Each structure stands twice: as structure tokens, then as C-alpha cells.
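Overview (structure and organization)
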Amino acid sequence: MKRIILFMLLLSSVCIAFGQKTGRLTGIVMAKGKSGIIGATVLLKPGNMGVISDEEGRFRISNITVGSYTVEISFIGFKKYSTQIDISANIANELNVNLEEESITLGDMTVTAQKRSESQKEVPIALTNITSNFLETNVIETMGSMSQFVPGVIVQEQTVIFPGFVIRGLTSDNTSLNVDNRVSVFQDGISISKQVGAFTELFDIDRVEVLKGPQGTLFGRSAQIGAIQMITNRAKNKTSANISIGAGNFNQYRANGYVNLPIIENKLFARVAGIYNKRDGYIENLSGGNLMGKNTLATRASLKYLPGKNSSLDFIFNYENDKMPGVDFKSGTFAPKGGDLSPFTFVDMEAGDKLLDTRDVLGFTLQYKQYFNDNFSITAITGYRSVIATSIFDSDGTIARALAFDADVDYTQLSQELRFNYNGKRFSGFAGANYFKENGNISYELSMDERSFFAMLSPKLAAYKIPFIPMVVNGEPNLNLPFTKNPLTGKEFKTLHTENMNEDGADNNAFDIFADGTFKILPKLKLTAGGRLIFENQKSFNRVDPAASPGTLGFILKSGTNNVFAPTKGRLEVGKTFSDWVGRTVLQYDINKEFSAYSSWSKGRRPNVVEVSASDTVFLSAEVVFNYELGFKSLLMNNRLQFNVSAFMYDYRHFQTTSNNLGSGGLYLVSDAGEATGKGIEAEFQMAATKGLTIFVNYAYLDATFDDSDSDGIEQKLAGNTFRLTPKHSGSAGFTYQFDLGNAGFVGLSLSASYKSEHFFDDDNSPELFQDGYALINSAIQYSSKNGKYGLRLNMNNLANEKYLIDAGNTGQAFGIPTFVPGAPRFYGAQLFYNL
């Protein structure tokens, strides 16, 4: 009898459950007069059913019991919205909301670093979020100038083809395609990390997220010490447009803008954006032209298609064309005619106005997202990117023709990612797989007058009783050597010798499996853990053909019939497979709604290197870093004040460094420098002090050196040396104040300063390759009409015209004649803008 009663009760409860009527609520959260808001909280009461709005500002709540509810929608920087709504059975109830901005707030603090929309305070990572408003207010035009405002980060922009990225003292600037970056650079979900294509023009940007510390779980195989994620503006369901035109000193002309249109309302939208930015070089070359200029044309077109309320498809096309004047590698040994050795004065480089850097970058991105219910979704991202580039540069930095290079780059990559996402009350995370393929080649042509080349090498020939011969005398090539023939061979010097490294490239494939998630152990305690399994097939190739007419100096550097590049026996190709893993574990404690703290451990990895040349084939171990970090985050005073601080320590194993390879048939060799250690502190402070005043202060301290001995107790070559491009102290501070002119509009004033302490430009810590501490001051003034439709911006960067170096040493250093690259002088300009 008891069993019958129990069965009837169970059957009744099932019938009641199935008979209960439910509905669903969907909608879009928007900023008033703007686009959808990412990361807004939508809460249904009673029941406290809640979701977060997605990348388009859309939200969906399913299985809601029929009845009356209060809907509360909130987002940082906006007033809370509340309304009553009746949920009907089997109907998709819809609610579209325009949130009103708070009068005093820091603004948008939402990031997607962990592949989901979250408040920056909720992300247990040392992270800096650069918003589009900050970029515009401070007239930040390049990735290099942006990095001044991120503690512990340097983006070195001496050339768009071979830039350098530095996070926490670790530099990524190796020109070889068989060496991976230490810093991942992402654009709209696609890795663009390879050095030749990583530097990109900043225009029509939504935000830039900079993550410090190993981020391989989140951003793949190149994120050994950090990641830079650029999120561009997508096509939206609204009609809007902007145009900005401007001019500046050094004959700068700049124009940029966008047009956004709904093609089919609520279904298909399009956006086209572009920029043209040209400025003459700021260093005069007596042999013709100016160096260190800019000439960039870039465009981006995007389409967004909404097949249904639970899915979206984005197509993004990117194209950038750079035609830059050449780089000023000024000699620190031989002065130009009538000049001096200062890196900041005119030069005389033999190739004249033929010195240049050109690059064409083409990219396609396809993103598809499908929501299956309130918690579960799937994301697929397909990416393609190609880079064709040429760099003609003078590595000796003089009027003599000793090291004239022409480098040509041809690089392509293809990637596919499939990711499953879950976002629940106690657990949020993702898992998936990624395939990445790249193929690229750099070919080099080196030309020289052997008389100049012999003079350059003369200090290294004392053992042959060859006296020192100046390569340049009174600003002219020294071609009147004390002998008419090579005294070591008896052969006549060639007035023009050309040799080629025909192929220097890589063909790599990688397949990754990854997972990462955050579990709420207790109401205030969260555990985040994740990992990535990496399977790589790396292939390097190298081919150096003998010069058509053999050189006469090859025996000096053991280069055979060539003078520098030792010929190979045809095309050398070597491949090898590798597997490894990276991961992270984080404990995060929410002290209260305003404060949180975290403790993390993470492992980062720079892939193995397969290096092949005429003399040898080398397999380098993967460079591995273990990072230990404590962090504290806060968001106070009703979202008016943010303060973040992190302290970290990391241990490096198999540190990969680039060293001189002269005498072994080449220029450079990537080698294992052993072990290294770093420790530091980073802090960020932002405050909306009043309705018109915003203040920020950033600071980073870093002590990063090579260990005294390796794991076997053997003393290391670079023991005690600091990492290159690693100032111990760096930081920035500034403010923006907006004056309300009533109906006449607004005037905003921005003033900022950044500082870097002294640092070396090489791991050997050569005293001549050194930069003293320096500060850069930037200012901007903006007028805008009351409705924000039109206005004028005036800006001045490096207001004090501070002289500083962005690089030193370079190829010339390998031959004993280091060269120096000057930073930008005072730039100023004006821009008119109009918003539709």
C-alpha cells in the first residue's frame, strides 16, 4: 500500500511539473543613443534568475514560470533600470532597454579576457583596459604611444615590419620566422602574433585589453608572458557615421572615419572604417629623403548577420598598406659629413631615398556564435592573414656601402577555433580546440663595396697584422686603402659584391586542446583553473646560394665563396614534432562588493626552435616560465574609483636569446642562455573625481636578471645581467578635465606624462648601448558641441621635445659599429571631426 501511495505522489508531482506553464524573456540592453552594452546584468525577481548580456547587448532567460516579475538591469557607469513585466506561456516576451549614464563614473569597465563578459574587477589577472574614449581623448595613434600608459609594457615601433613587444621585461622582436613571440597579439579573436604582422594601425577600436603574466590557456602558444587583445567596433543595428580630418607638423595629413548602416533592420548590418595617416620623417638623410616617417592606409569592412535571436555571424575584412621611409640606424662610430655622432641629428646613408619599409597586410575573420539556452553556447572563429613586406636598410649607418640589406617577407597563416562556452551561477568556463598553420619566408640580399667591408673588419684583423682602417674619413667613404689588393689573399677588392640568403623560413602546424573555468566554491571564494595541451609540427628551412661572382673576404668569417652568409648545399629543411602544456590555477576571494584579492600560479611557454644553417642544425628546448602572483582589485565610490595592484615573481628556464654568430657562416644565432628570475610590482589607479575631472596613475617596478648559475650549477655567461629593454621603474600619470560651456558645448583638457628609468638595449649590458631615464609629456585640448556632433582636437606629444632612444646596437653591433635609433621628437597637430 505504501508503495502505491508513493507512486501516486511521484506521478502527481511529475504531472504538475509538466503541466506548469513557462515562457521566456529576450531583449537588448543599449546605451542611450549608442550601441548594445556587453556584460549588463539582467535580473528577474522574485526568483533571482539572472543572465549577462552578450557581445551585441542581447540577453535571453528561458523556463520562466508564468506570472508577474520585476526586471532589474544594471551596468557599471549607468543608472539601474527597473520595470514590471508579465510573462506569458510559450511566448518569447521581448524587452529592449536604453540605460542612462551616471553623471560621475569611470565608464565602461567590461572586458572579455576570459572569453566571457565580466567586470574588470572580477578578472583575477593583472589587466589594463584601454577604452576607445581614452584613445580619442589622449589622441593616441599607435600601439607604441598606447603602451606608455600600461605599466610594465613597451611596444617598440622602429619599423612596422620588425616591431618589439615587451611585457614584464621579456622582449619579443626576433626577426626569424622560426622563432615565436613571447607576447600574443590578438585582433577580434585571431592571433596576429608573428612579428611581421603584429603591429597594426589603431582605428575604429572599441577597446584594447593588455594582460600580463603567462596567458597560454586563454591566448594560445605565443602568450608566454602576456597578451594584447584588440577588439574593433563591429557592425551594429543603427545608422551612424564619423569623419575626422587633420594635419600636423612634419607635413602630417590624417583622415579617418566610419559608416555604419543596417541593411536589413534587426537582421543584417554593415560597417566600413578607414584611416590614412602620413607624416614626413624627422631625421634628414643627406644622401636623399627623410627617415623615421609614416605613410599608412588601412581599411576594415564588417558584416553582422543575425539568423535568429540566438545566433550571430560576423565577417571582418582587414587591409593595411604601409609605405614608410626607412629606419635611421645611425652609426655611433663614423659621423656624417659636417655632422656629429648624436643619434638625434642628420645622417648620411648611402642608399638615400631608396631606404624604405613597405608592407601589405590582408586578413579575413569569420565568427559564428550560437546560444542553445541561457547558459550554453558555441563559438567558431576562422581566420586568414597574409603579409607581403620589403625592408631596405643600411646596417652600417654611414655613407659607405658596407652592409646594405634588402629583406623581402612572404608570410601566410590560417587558423580555426571551436569553443564551447558555459555561463552559470556557480560555474563559468569554456573548452575547445584550435588549429593553426603558418608558412613564411624571409630572403635577404646583402651588397657591399669590399673596400668598405674590409675597413669595417680591420679592427678584428689585428692577428693578421692589419692596421686599423677607418671606414669613413671626413664624411666620405674611405676607398683609398693602404693597399690595392686584399693583403691576405692577393686578390683585388670587388667594388660591388652581392650575395643572398635566398630562403630563411618556417612551415609550422599546431593543434591545441584547451579548457578553463571558474567555480564558486563558497559565496565569496572562487577557484579558476585551466590548461592547454599543445601539439606542434615545426619545420625550418634555409638556402644560401653561392654569389654569382665569389667574394674575396669569405675566409675571414668562414663564409666560403660568400663574404657573410655561408652557402648551403641546396635547400636545407629540418622538421620535428613537439608536445607540451601550459596552465593556470587561481584562488580569488571577494572581500566585499568593492574589494577582491587573488593568488595565482601559471606556466608559460615559448615554443621550441628548430634552427638550420650551413654550419649546423640546432634544436632548442622550449622556453618555460613559472609565474607566481598576488593581486588586489577594487572598484569604489559607486564605480568612481578603481585601484589594482599585483606583485609577482617568475622563474625562467631555457631562456632563448639572440647572439652574434659571425665566424660561423651567419649573422645571428638563437641560443639557450639558461635560467633567469624576475620579480616586480604593478599598480593602477583611476578616479572620476568630479563630473568633469578624471585622474589616472600607473606604476611598475621590475627586477629581472639572469641567474648566476644554471640548473646544473654551472656559471652562466650572462650571470647578473638585466634583461634588455627592461627599466626598473616605469609609470604614467595624467588627468582629463571637461569644462561645461552650457549651450556652447564642452572643452576638454588632457595632460599626461610617462617615465622610464635607465635600461640596456642588449642582454650583454654593453655600457654604450644604454638609455638614461626619461619622461615624455603629452597634452590635448578638445572642443565639442553640446550634442557631440562636431568638434576640434589639438594635441602635442613629447611636449618638452625630450631626446631618447628606442633601440641601439642592431646589426652593426655584430661588426663592432653599433647603430642607434632615435625616438620621436615633439609632434603636434589638429583634427576636425563630425559625427552623424
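Below: a short report on this structure. Since the model is a prediction, treat every value here as computed from it, not as a measurement.

**Things to note about the overall build of the protein**
Assigned secondary structure in the protein consists of 7 helices and 53 strands. In terms of overall dimensions, the protein is globule-like: its C-alpha atoms have a radius of gyration of 29 Å, near the 28 Å expected for 836 residues. Across its three principal axes, the protein shows a C-alpha extent of roughly 115 × 75 × 45 Å. Per-residue burial for the protein yields a buried fraction of 56% across its 836 residues. Contacts in the protein between residues at least 24 apart in sequence constitute 67% of all its contacts with a sequence separation of at least 6.

**Examining the sheet that holds strand 1 (residues 22-31)**
Taken together, 3 strands build an open sheet; the order of strands is 4-1-7 and the sheet is mixed. In this open sheet, the two edge strands, each paired with only one partner strand, are strand 4 (58-65) and strand 7 (92-99). Along the sheet, successive strands turn relative to each other by an average axial angle of 20°, direction set aside. Note: strand 1 against strand 7, 8 bridges, orientation parallel.

**Some thoughts on helix 6 (residues 450-457)**
Counted residue by residue, helix 6 has 7 buried out of 8 residues, so it is predominantly covered. If you check which residues of helix 6 are buried, you get Glu450, Ser452, Phe453, Phe454, Ala455, Met456 and Leu457. Those residues of helix 6 hidden inside the fold are in contact with strand 29 (427-448) and strand 32 (497-501).

**What about the packing of aromatic side chains?**
Two measures describe an aromatic ring pair: the distance that separates the ring centres and the angle between the ring planes. All told, the structure shown has 30 aromatic pairs when counted by the stated rule. A centroid spacing of 6.3 Å and a plane angle of 35° characterise the contact between Trp581 and Trp601, whose relative ring orientation is tilted. Pair noted here: Trp581 is in strand 35 (residues 572-590) and Trp601 is in strand 36 (residues 595-606), with a separation of 20 residues, a long-range link. Look at Trp581 and you get partly exposed, because its relative accessible area is 40%. Its relative accessible area of 27% is what places Trp601 among the partly exposed residues. Every member of this aromatic cluster is reached through a ring pair, and the members are Phe648, Tyr650, Tyr652, Phe655, Phe706 and Phe723. One residue, Arg60, lies across the ring of Tyr371, its end atom 3.9 Å from the ring centre. Taking the ring centre of Phe833 as reference, the NZ or CZ of Arg793 above it sits at 4.4 Å.

**Observations regarding the environment of Ala400**
Mapped onto the fold, Ala400 is located in the loop between strand 27 (376-394) and strand 28 (404-423). A sequence separation of 51 residues divides Ala400 from Met349, and the C-alpha atoms of the two residues are 7.5 Å apart. Beyond its immediate chain neighbours, meaning those up to four positions away, Ala400 contacts Glu350, Asp394, Ser452, Met471, Val472 and Pro477.

**Side note on the pattern of salt bridges**
Proximity of charged atoms lets side chains of opposite charge pair with each other. The final tally for this structure, using the stated rule, is 43 salt bridges. As a salt-bridge pair, Glu209 and Arg207 come within 2.7 Å of each other at their nearest N and O atoms. Residue classification places Glu209 among the buried positions, given a relative accessible area of 0%. Taking the shortest distance from any N to any O, the salt bridge between Arg605 and Glu536 comes out at 2.7 Å. Within this pair, whereas Arg605 is found in strand 36, its partner Glu536 is found in strand 34 (residues 525-543), the two being separated by 69 residues in sequence. Judged on exposure class, the residue Arg605 and its partner Glu536 are both buried. Here the salt bridges do not stand alone but share partners, grouping Asp180, Lys194, Arg221, Glu438, Glu536, Asp580, Lys603 and Arg605 into one network.

**Considerations on the environment of Ala733**
By secondary structure assignment, the location of Ala733 is in strand 45 (residues 729-740). Exposure remark for Ala733: the relative accessible area of 31% places this residue in the partly exposed category. Sequence spacing of Ala733 and Gly575 is 158 residues, and the spatial spacing of their C-alpha atoms is 49 Å. Here Ala733 is in contact with Phe696, Val697, Leu751, Ser752 and Ala753, once residues within four sequence places are set aside.

**Quick word on unusual backbone geometry**
Among all residues except glycine, the phi angle is most often negative; among peptide bonds, the trans geometry is most common. Of note, the amide linkage connecting Lys45 to Pro46 takes the cis form, showing an omega dihedral of 0°. A positive phi is found at Asn63, a non-glycine position, where the angle reads about 55°. Inspection of the secondary structure assignment puts Asn63 in strand 4. Since its relative accessible area comes to 61%, Asn63 is described here as exposed. Its identity as a non-glycine residue notwithstanding, Asn474 has a phi of 55°, on the positive side. Within the secondary structure, Asn474 sits in the loop between strand 30 (472-473) and strand 31 (476-477).

**Some words on the nonpolar core**
Counting residues in each nonpolar core, the largest one holds 101 residues, and the members touching the most others are Phe453, Phe454, Phe565, Tyr650 and Phe815. Of all hydrophobic cores here, the second largest spans 21 residues; its members include Val29, Ile37, Val42 and Ile87.

**What to know about the pairing of strand 17 (residues 226-232)**
One face of the sheet, then the other: side chains in a regular strand alternate in exactly this way. Most of strand 17 sits out of view: 7 of its 7 residues are buried. Here strand 17 shows two buried faces, one formed by Gly226, Ile228, Met230 and Thr232 and the other by Ala227, Gln229 and Ile231. Two strands pair when backbone bridges link them, and strand 14 (residues 183-187) and strand 17 are joined in this way by 5 bridges, in the parallel orientation. Counted as the bridge partner of Gln187 is Met230 from strand 17. The pairing of strand 16 (residues 205-212) with strand 17 spans 7 bridges and is classified as antiparallel. Paired with Glu209 across the strands is Gln229, a residue of strand 17.

**Considerations on the side chain of Thr552**
Among the secondary structure elements, Thr552 is positioned in the loop between strand 34 and strand 35. At 2.5 Å, the side chain of Thr552 and the side chain of Glu450 are in polar contact. In this structure, Thr552 is in contact with Glu450, Asn486, Thr489, Lys491, Glu492, Phe493, Lys494 and Asn563, ignoring residues within four places of it in sequence.

**Considerations on the sheet that holds strand 2 (residues 41-45)**
Read from one edge to the other, the open sheet built from 4 strands follows the order 3-2-5-6, with strand pairing classed as antiparallel. Two strands lie at the open edges of the sheet, namely strand 3 (49-52) and strand 6 (81-87), each paired on one side alone. Strand after strand, the sheet turns through a mean of 20° between neighbouring axes, direction not considered. In this sheet, strand 6 lies alongside strand 5 (residues 67-74) in antiparallel orientation, the contact comprising 7 bridges. Paired with Gly67 across the two strands is Ile87, which belongs to strand 6.

**A closer look at the environment of Phe555**
If you trace the backbone, Phe555 turns up in the loop between strand 34 and strand 35. Judged by its relative accessible area of 36%, Phe555 falls in the partly exposed class. Sequence spacing of Phe555 and Thr489 is 66 residues, and the spatial spacing of their C-alpha atoms is 9.4 Å. Ignoring sequence-local partners within four residues, the contact set of Phe555 consists of Asn486, Leu488, Thr489 and Gly560.

Here is what the cut-offs are and how they apply
Residues numbered from 1 in each chain as written. Predicted model: local features only at pLDDT ≥ 70, side-chain atom pairs only at ≥ 80, totals over all residues. Heavy atoms only, no water. Helix = DSSP H or I, 4+ residues; strand = E, 2+ residues; numbered from the N terminus. Rg over C-alpha atoms; globule rule 2.2 N^0.38 Å. Buried < 20%, exposed > 50% of the residue type's maximum accessible area, 1.4 Å probe, protein only. Contact = heavy atoms within 4.5 Å. Pairing = 2+ DSSP bridges. Axes fitted to C-alpha atoms, helices over the stretch in contact; angles between N-to-C directions. Phe/Tyr/Trp six-rings, centres within 6.5 Å; stacked < 30°, edge-to-face > 60°. Lys NZ or Arg CZ within 6 Å of the ring centre and 35° of its normal. Salt bridge = Lys/Arg side-chain N within 4 Å of Asp/Glu carboxyl O. Core = buried A, V, L, I, M, F, W, Y, C linked by side-chain atoms within 4.5 Å. Polar contact = N/O pair within 3.5 Å; in protein donor to acceptor, adjacent residues only side chain to side chain.

Taken by themselves, the reported measurements are silent on function.
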